[in-house]
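Chain by chain, the residues run as shown.
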Amino acid sequence: MEEQKNISSLETPAEIPQLTSKSVIYLLKAAKWGKFLAILGFIVSGLLIAGGIIMSFVLNMVSEEMFPLNMPFSPKILSLIYIIIAGIFLIPVIFLNSFSNNAIKAVNLSSTEKMTTSLKSLKNLFVFVGISTVVLLALYTIILIAVGTAAFFSF
């Protein structure tokens, strides 16, 4: 019973902090920078996706003799992987854009609902980046162990 009380007190604070005029200015500046970074992210994602599609066509037109003999993937799979990575990169950009748009609307309209939506998008952005970081660290660890083991047994 005591544990349940402690968990619920962590989720809802005793006092809800109020936004001051200075904190609203900081939030608005952060939202504007977020909007700038989101626009750049959309541009980069679009270029990556276009690059993957163009790579698919170009690699199909190049003759088989131009590819290295030990190429692990076919050109179509390589371009598909490129497009998938670009799509994964697009997910946090969408969360950042949603945070920025809703935060700006919340400040301009004094809307609590928009502020809640904005902060939910910011939370989703951090969760995605956190999970991605853990997955990449695990992947790097596995790769280091595999390369280290291969190097150890190669001697």
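Think of each chain on its own: its residues are numbered from 1, step by step along the sequence as written. With pLDDT at 70 or above as the cut-off, local features in this predicted model cover only qualifying residues; side-chain atom pairs require 80 or more to be listed or tallied, and sums for whole chains, interfaces and linings still use all residues. In computing side-chain values, all of the structure's heavy atoms are included and hydrogens and water are not.

1. Structural notes on the confidence of the model for the protein
As a per-residue quantity, pLDDT reports the predictor's confidence and falls between 0 and 100. Predicted confidence across the protein gives a mean pLDDT of 87, with 86% of residues reaching 70 or more. No element of the protein has a lower mean pLDDT than helix 1 (residues 2-11), which averages 55, and none a higher one than helix 4 (residues 112-154), which averages 95. The numbering of helices and of strands both runs from the N terminus, where a helix is a DSSP run of H or I of at least 4 residues and a strand a run of E of at least 2.

2. A few points about the packing of aromatic side chains
For Phe, Tyr and Trp, where Trp contributes only its six-membered ring, two rings pair if their centres lie within 6.5 Å, and the inter-plane angle classes them as stacked under 30 degrees, edge-to-face over 60, or tilted in between. A full pass over the atoms with the stated rule returns 2 aromatic pairs. Ring centres of phenylalanine 152 and phenylalanine 153 lie 5.2 Å apart, and the angle between their planes is 75°; on these two criteria the pair is classed as edge-to-face. By the burial criterion, phenylalanine 152 is exposed, and phenylalanine 153 matches it. Buried residues are those whose accessible area, probed at 1.4 Å on protein chains only, stays under 20% of the maximum for their type, while exposed residues exceed 50% and partly exposed ones sit between those limits.

3. Topic: unusual backbone geometry
Residue serine 110 is not a glycine yet carries a positive backbone phi of 50°. If you trace the backbone, serine 110 turns up in the loop between helix 3 (75-109) and helix 4.

4. Things to note about the packing of helix 3 against helix 4
To get an axis, a line is fitted to the C-alpha atoms, and for a helix only the part in contact is used. The angle between two axes follows their N-to-C directions and goes from 0 to 180 degrees. Contact geometry of helix 3 with helix 4 gives a least axis separation of 8 Å together with a crossing angle of 155°. If you check the angle between helix 3 and helix 4, you find them roughly antiparallel. The element helix 3 and its partner helix 4 pack so that their crossing is left-handed. Mapping the contact onto sequence places Ile88, Ile91, Pro92, Phe95, Leu96, Ser98, Phe99, Asn102, Ala103, Lys105 and Ala106 in helix 3 and Lys114, Met115, Thr117, Ser118, Ser121, Leu122, Asn124, Leu125 and Phe128 in helix 4. For this classification, Asp, Glu, Lys and Arg are treated as charged, while Ala, Val, Leu, Ile, Met, Phe, Trp, Tyr, Cys and Pro are nonpolar and the rest, including Gly, are polar. When the residues that make up the contact of helix 3 with helix 4 are grouped by side-chain class, the tally is 12 nonpolar, 6 polar and 2 charged. Angles are sorted into four bins: roughly parallel if under 35 degrees, roughly antiparallel if over 145, roughly perpendicular if 65 to 115, and oblique for all others. Handedness of a crossing is defined here by the sense of rotation of the near helix relative to the far one, left-handed for an anticlockwise turn of less than a right angle and right-handed for a clockwise turn. Contacts between residues were defined by any pair of non-hydrogen atoms, one from each residue, lying within 4.5 Å.

5. Details of the nonpolar core
Each nonpolar core is a collection of buried residues, namely Ala, Val, Leu, Ile, Met, Phe, Trp, Tyr and Cys, held together in the definition by side-chain atoms within 4.5 Å. The biggest cluster of nonpolar side chains holds 12 residues, and these are Leu27, Leu28, Ala31, Ala38, Val93, Leu96, Phe99, Ala103, Ala106, Val107, Met115 and Leu125. At the level of secondary structure, the elements contributing two or more residues to this core comprise helix 2 (21-61), helix 3 and helix 4. Here the element with the most residues in this core is helix 3; it accounts for 6 residues. Leave out the neighbours within four places in its chain, and leucine 28 touches Ile104 and Val107.

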